[in-house]
Amino acid sequence: MTKPRLLGPAAFFTHNHAPVVNVNDVLQDNVTLGQKVSDRVAATVGSWPFIIIQSIMLSIWIGANVYLAIHWKDKAFDPYPFILLNLVLSFQAAYTGPVVMMSQNRQADKDRVMAEHDYQINLKAEQEIEVIMRHLAYQNSILITMMEKLGVSHEEAESALRAHGITDPLPMGIDGASTV
Ligand SMILES: [Zn+2]
């Protein structure tokens with residue numbers, strides 16, 4: 001369908017930009033099981049409940065072994081200096097470290113995608129605002145033409161605007177270019 005030229009710039013603007021999407025939804029749809037697990041592990045390890053529960057478990061482990069070492073010398077399963085506990089904590093650190101890093105890398109990738117998406121949205125908005133401003137200027141040129149046809153001079157129109165409290169009808173410069 002061809003539009004009459006008089007409809008102006010806005011009518012002819014083709015929105016040939018990528019559709020606006022919710023990046024969070026898109027990224028959420030492409031999450032693998034491994035990524036879900038790493039996110040969950042990172043969220044769990046990096047929380048106060050985890051630290052508190054682990055502190056309680058370590059206290060119980062150490063307390064029990066100290067108690068057993070004092071009262072039943074041979075029954076302590078991990079006496080001072082708690083070598084088995086060290087091994088367990090080393091294993092835990094060896095696995096949670098890389099998993100947390102995986103989650104952090106993924107978060108960094110996500111931030112990059114979101115920044116790119118924000119840039120595209122800003123670019124699109126800028127283009128569309130530019131078209132709207134051109135369209136406004138186009139409409140004003142039509143209004144001026146109408147005014148001239150009605151025999152109203154520019155001076156008369158300007159004083160009429162001042163009567164409505166519009167003291168500076170051309171704050172942006174006469175060519176429509178922004179002074180900012
Ligand atoms: Zn658009």
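It should be noted that the structure appears before, not after, this text.
About the cut-offs
- Residues numbered from 1 in each chain as written.
- Predicted model: local features only at pLDDT ≥ 70, side-chain atom pairs only at ≥ 80, totals over all residues.
- Helix = DSSP H or I, 4+ residues; strand = E, 2+ residues; numbered from the N terminus.
- Buried ≥ 20, exposed ≤ 12 C-beta atoms within 10 Å, placed from the backbone.
- Contact = placed C-beta atoms within 7 Å.
- Expected span 1.5 Å × (residues − 1).
- Axes fitted to C-alpha atoms, helices over the stretch in contact; angles between N-to-C directions.
- Parallel < 35°, antiparallel > 145°, perpendicular 65-115°, else oblique.
- Left-handed = near helix turned anticlockwise from the far one by under 90°.
- Nonpolar A, V, L, I, M, F, W, Y, C, P; charged D, E, K, R; others polar.

## Considerations on the overall build of the protein chain
Then, in step 1: Secondary structure assignment for the protein chain yields six helices and zero strands.
Then, in step 2: Summarising its shape, the C-alpha atoms of the protein chain cover approximately 110 × 40 × 20 Å along the three principal directions.
Then, in step 3: Each of the 180 residues in the protein chain was classed as buried or not, and the buried ones make up 1%.
Then, in step 4: A separation of at least 24 residues holds for 61% of the contacts in the protein chain among residues at least 6 apart in sequence.

## So, helix H4 (residues 48–71)
Residues lying three or four places apart along an α-helix face the same way, a consequence of the helix completing one turn every 3.6 residues.
Then, in step 1: Its 24 residues give H4 an end-to-end C-alpha distance of 34 Å, which sits within 8% of 34 Å, the value for a rise of 1.5 Å per residue.
Then, in step 2: Of all 24 residues that make up H4, zero are buried, and the element is exposed over most of its length.

## Description of the environment of Asn65
Then, in step 1: Assignment of secondary structure puts Asn65 in helix H4.
Then, in step 2: Since 19 C-beta atoms lie within 10 Å of it, Asn65 is described here as partly exposed.
Then, in step 3: C-alpha of Asn65 to C-alpha of Asp78: the two residues are 13 residues apart in sequence and 6.1 Å apart in space.
Then, in step 4: Discounting chain neighbours no more than four positions away, the residues touching Asn65 are Ala76, Phe77, Asp78, Pro79 and Phe82.

## Overview of the packing of helix H3 (residues 33–45) against helix H5 (residues 83–149)
Then, in step 1: Where H3 contacts H5, the axes come no closer than 8 Å and their chain directions differ by 110°. Between H3 and H5, the angle is such that the two are roughly perpendicular. H5 is crossed by H3, and the crossing has left-handed handedness. Between H3, through Gln35, Ser38, Asp39, Val41, Ala42 and Val45, and H5, the contact on the second element is made entirely by Thr96, Val99, Val100, Met102, Ser103 and Arg106.
Then, in step 2: Across the contact of H3 with H5, the residue classes break down as six nonpolar, four polar and two charged.

## What to know about unusual backbone geometry
Then, in step 1: For the bond running from Tyr80 to Pro81, omega is 10°, close enough to zero to count as cis.
Then, in step 2: Relative to the helices and strands, Pro81 is located in the loop between H4 and H5.
Then, in step 3: Of note in this structure, Phe82 is not a glycine but carries a positive phi near 55°.
Then, in step 4: With respect to the helices, strands and loops of the structure, Phe82 is situated in the loop between H4 and H5.

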